[in-house]
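# An overview of the molecular structure
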Amino acid sequence: NPFCHRSLLFVLLELSLVCCDITDGNAEHLKREHSLTKPYQGVGSSPSSQWDFSGSTLVTSSYVRLTPDERSKQGSIWNTVPCYLKDWEMHVQFKIHGSGKKNLHGDGIALWYTKDRLHSGPVFGNQDQFLGLAIFLDTFRNDLHGMDRSFPYISAMVNNGSVSYDHGKDGRSSELGGCSAEIRNRDHDTYLAIRYSKGRLTVMVDVDDKNEWKECIDIGGVRLPTGYFFGASAATGDLSDNHDIISMKLYQLMVEHTAEEENLDWTKIEPSVSLLKSPKDNIDDPTGNFRGTPLTGWKVFLLLLCALLGIVVCAVVGAVVFQRRQERNKRFY
Ligand SMILES: [Ca+2]
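So, here is what we can say about the structure in this document. None of the values given here were measured: they were computed from a predicted structure.

Moving on, we come to the coordination of the calcium ion. At this site the calcium ion is bound by Asp-138 (OD), Asp-138 (OD), Phe-140 (O), Asn-142 (OD1) and Asp-170 (OD), with donor distances of 2.3 to 2.5 Å. Overall, the relative accessible area of 28% leaves Asn-142 in the partly exposed class.

Next up on the list: the packing of aromatic side chains. This structure, assessed with the given rule, holds eleven aromatic pairs. Measuring from ring centre to ring centre gives 4.9 Å for Tyr-113 and Phe-230, while their planes differ by 40°; the resulting arrangement is tilted. One end of the pair, Tyr-113, is in strand β6 (residues 108-114); the other, Phe-230, is in strand β15 (residues 229-235), with 117 residues separating them in the sequence. When its relative accessible area of 1% is taken as the criterion, Tyr-113 is described as buried. Taking the relative accessible area as the measure of exposure, Phe-230 reaches 3% and is therefore buried. Aromatic side chains Phe-124 and Phe-136 sit 5.2 Å apart centroid to centroid with 25° between the ring planes, which places their arrangement in the stacked category.

This part covers the sheet that holds β6. Spatially, the seven strands line up as an open sheet ordered β1-β4-β15-β6-β8-β9-β10, and their pairing is antiparallel. The open sheet terminates on both sides in strands that have one partner only, identified here as β1 (51-55) and β10 (177-180). Mean inter-strand twist for the sheet, computed between neighbouring axes without regard to direction, equals 15°. In this structure, β6 lies alongside strand β8 (residues 131-138), joined through seven bridges in antiparallel fashion. If you follow Ala-110 over to β8, its bridge partner there is Phe-136.

Our next topic: the pattern of salt bridges. As a working rule, side chains carrying opposite charge can pair if their charged atoms are close by. What the rule picks out here adds up to 13 salt bridges. A salt bridge links Asp-244 to Arg-65, with the nearest nitrogen and oxygen atoms 2.8 Å apart. Placement of the pair is Asp-244 in strand β16 (residues 242-252) and Arg-65 in strand β3 (residues 64-67), with a sequence separation of 179 residues. Accessibility expressed as a relative area gives 15% for Arg-65, which makes it buried. The salt bridge partner of Arg-195 is Glu-89, with a shortest N-O separation of 2.8 Å. Here Glu-89 lies in strand β5 (residues 88-97) and Arg-195 lies in strand β11 (residues 190-197), a separation of 106 residues in the sequence. On the basis of relative accessible area, Arg-195 is assigned to the buried category, the value being 14%.

Moving on, we come to the environment of Val-207. Inspection of the secondary structure assignment puts Val-207 in the loop between β12 (200-206) and β13 (214-219). The class for Val-207 is buried, based on a relative accessible area of 4%. C-alpha separation for the pair Val-207 and Arg-186, spaced 21 residues apart in sequence, amounts to 8.1 Å. Residue contacts for Val-207: discarding those within four places in its chain leaves Phe-94, Glu-182, Ile-183, Arg-186, His-188, Thr-190 and Tyr-191.

Rules of the game
Residues numbered from 1 in each chain as written. Predicted model: local features only at pLDDT ≥ 70, side-chain atom pairs only at ≥ 80, totals over all residues. Heavy atoms only, no water. Donors = N, O, S within 2.8 Å, 3.2 Å for Na, K, Ca; no water. Buried < 20%, exposed > 50% of the residue type's maximum accessible area, 1.4 Å probe, protein only. Phe/Tyr/Trp six-rings, centres within 6.5 Å; stacked < 30°, edge-to-face > 60°. Helix = DSSP H or I, 4+ residues; strand = E, 2+ residues; numbered from the N terminus. Pairing = 2+ DSSP bridges. Axes fitted to C-alpha atoms, helices over the stretch in contact; angles between N-to-C directions. Salt bridge = Lys/Arg side-chain N within 4 Å of Asp/Glu carboxyl O. Contact = heavy atoms within 4.5 Å.

Everything listed here is a matter of geometry and, on its own, says nothing about what the molecule does.
Below, the structure written as structure tokens:
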């Protein structure tokens, strides 16, 4: 029955559209004041500019180069407008490339949501003991004892200003989660997404030219205030790479909060993470995941999707069988 097939196809198509809305940024909710896109007009050049930069950063019309492929460089780019959104998703297109052979390149890029901006320092070109969130795209293994993970390695850290990033250990003692990802010298575009919503921090990567997000970090109990700044920084040492930002696009997530939550002063929140285990204990967990975390929205959605598909298939099969029987009945009587 072609009609049934067509309607089933239509349902599937509609479901796939719903599905893709969840991670693909909805253009309607793109926040231009927090986004950095080609050709970066007015970046850094005027007092009304929404982004400014420092150090080795070079802005061209097709990329923002935080560092060139040269030794001992540091550069950063920062949004000048504080972000007051409670739920957001940042999509970053980046390109890390250079002439260094395997393991002879570094150090990587850090993406920031922090209280302070434009303070250069030792953490991928930014200050240590920061307040807020950092996502590290670490391309160089400093800790030769940490051979259980491959590099480049992406990790997350939340800091209330009291913790130092341990470069010698690639930040392992303070990391909340992470994953390995081939993000260097790729011929295709590479993307990373950071989602913060209702205390849940999710980092996804799209680096295999498959146009799909792969989960890297997903943790709950993360508290971040509003009113912080987005930024990106990079550094080279004895080894180097070109660290380029192609775009940073911030999307507002439409999420409902309770009246109690709405009445809170979100700018007064201290950055923190409430873990069942301390980040240090996480070292013993070879998967790098926290056990016993509840199903994420994504997983619940997929389960529901499967259930819904099951119902649709049953209904279609049932309808076809019923129709066949009716026809047979007609023929026999
Ligand atoms: Ca490192």
